[in-house]
Amino acid sequence: TKEGYPHYLLKEIHEQPESVFRAMGRGGRLLPDFGSALLAGLNLEKRDFFDIKKIHIIAMGTAYYAGELGKFIIEDLARIPVEVSDASEMCGMNPIVDKDTLFVAVSQSGETRDTIAAIQEIQQKGGRVVGLVNTVGSTLARMTDGGVYIHAGSEISVASTKAFSNQVTVLILMALMIGRSRDISLSRGRELVAELKALPGKIQDILDRGSELRNMAEKLKDYQSILYLGRGINYPVALEAALKMKEVSYIHAEAYSAGSLKHGPLALISEEMPSVFICTSGDYQEKTISNIQEVKARGGKVFVISNYKDSNLENLADEIFIVPGSDEAISPLLTIVPCQLLGYYTALALGRDIDQPRNLAKSVTVE
Ligand code: F6R
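How each quantity is defined
- Residues numbered from 1 in each chain as written.
- Predicted model: local features only at pLDDT ≥ 70, side-chain atom pairs only at ≥ 80, totals over all residues.
- Heavy atoms only, no water.
- Buried < 20%, exposed > 50% of the residue type's maximum accessible area, 1.4 Å probe, protein only.
- Helix = DSSP H or I, 4+ residues; strand = E, 2+ residues; numbered from the N terminus.
- Arc of directions from axis to C-beta.
- Contact = heavy atoms within 4.5 Å.
- 1 Å grid on protein atoms, 1.4 Å probe; cavity = no way out; pocket = protein on both sides within 12 Å on 5 of 7 lines; lining within 4 Å.
- Points joined across faces, edges and corners; volume = space filled by probe spheres on them.
- Nonpolar A, V, L, I, M, F, W, Y, C, P; charged D, E, K, R; others polar.
- Pairing = 2+ DSSP bridges.
- Axes fitted to C-alpha atoms, helices over the stretch in contact; angles between N-to-C directions.

**Q** Before we go on, may I ask you to explain helix 2 (residues 16-23) in this structure?
**A** A turn of α-helix holds 3.6 residues, and therefore any two residues three or four places apart point the same way. For helix 2, every residue scored as buried is listed here: Gln16, Pro17, Ser19, Val20 and Ala23. For helix 2, the buried positions fall inside an angular range of 170° around the axis, keeping them on one side. Its buried side turned inward, helix 2 meets helix 1 (8-14), helix 7 (162-180), helix 8 (186-208) and helix 13 (332-349). Directly beyond the C-terminal end of helix 2, a positive phi value near 60° is found at glycine 25.

**Q** Help me out: how do you make sense of the layout of surface pockets in this one?
**A** Rolled over the atoms, a probe sized like a water molecule indicates the empty space that remains. Taken as a whole, the largest pocket spans an internal volume of roughly 600 Å³. What lines the largest pocket is a set of 27 residues, among which Gly61, Thr62, Glu247, Lys362 and Val364 lie closest to the centre. Sorting the residues of the lining of the largest pocket by element identifies helix 4 (61-78), strand 5 (101-107), helix 5 (113-124) and helix 10 (234-249) as the ones contributing at least two each. Residues belonging to the lining of the largest pocket are distributed by class as follows: 11 nonpolar, 10 polar and 6 charged. By volume, the second largest pocket is sized at about 250 Å³. In this structure, the second largest pocket is lined by 16 residues; those nearest its centre are Leu31, Ser36, Ala37, Lys46 and Met177.

**Q** Help me out: how do you make sense of the sheet that holds strand 5 in this one?
**A** Each strand in a sheet pairs with its neighbour through backbone hydrogen bonds, running either in the same direction (parallel) or in the opposite one (antiparallel). Strand order in this open sheet of 5 strands is 4-3-5-6-7, and the pairing throughout is parallel. Whereas interior strands pair on both sides, the edge strands pair on one side only; in this sheet they are strand 4 (82-86) and strand 7 (146-149). Strand after strand, the sheet turns through a mean of 20° between neighbouring axes, direction not considered. As defined by bridge partners, strand 5 adjoins strand 6 (residues 128-133) across 6 bridges and the pair is classed as parallel. Across the sheet, residue phenylalanine 103 finds its bridge partner in strand 6, namely valine 129. Strands in contact with helix 4 are strand 3 (54-59), strand 4 and strand 5; relative to strand 4, the strand with the most contacts, it is inclined by about 175°.

In structure tokens:
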């Protein structure tokens, strides 16, 4: 049931403080003393973590974007190269499979035809596959050599929200677990565990300010098209945010890395083309701000999701929503929440069929 919410999408967005906590095994998957995590279902020994030379994530749609975030976080914390593949592009493409690569299938339903077909092909070649799956006992969960349930609970809305957050959370745990047995220090590990523990409360803080996003949605709803822009870890957030907007509101939304603006998309900027920037503190902050200036100078409206207060940024932005600050590795789990709400409230204002967008199915069981 919707438990008093008008739509499953809104209910599931609001469940995220609780669902990310479940992804952490209600704390049981965290090892605070060791500054690490434990994902027993992966069936990997400490030694395996040394032997892995590469991780290859296979998924579709929102799960694919979770994988793109996983790439960023695993490469940063565990220093292992990660490739992310669109499963539909792998089937019949003679994928390269070797014994030093760990394949990771990410899927909410565990029934996505493209992902299953890619995994079958990899397994036929002797590849080792683990699954990050939500649906217990699903086809993918049964096929894989090891796996971790993401424990998002049942997700009814076609547009995925809490499953995405739980996929990213488990990928962070995986990065932490592999990273701690290779590269990162105890103190850094402990810092990340503390950040994970603080996450549910920070998501709740955003949800409590949901009405601000409703106002922002009123300002976005009449546009034909919206650009989503971000650098580094914020680029996959922009990709997922744009997917949410187009799925539920039917407004064309497209994500680019902010750095690629000048290489083409800048030609689209005018009064009719607003941009949503994901701009967090850290390495890309200054460069992202200069991209915002470029858009403003061309008459484009700028909506900003940031995680720090800054008068320069606040003056530049036409609209700004600030999420709580966090470690960079955790920040996507915060910046994505206002983007999900922005999609929801825009669709609501436009009277869309929010839980059942036209032409889409919850689980894509055909190729
Ligand atoms: C978007 C969405 C889809 C799914 C994709 C993969 O909101 O829900 O893009 O993420 O179809 O589905 P699963 O995760 O079930 O393999």
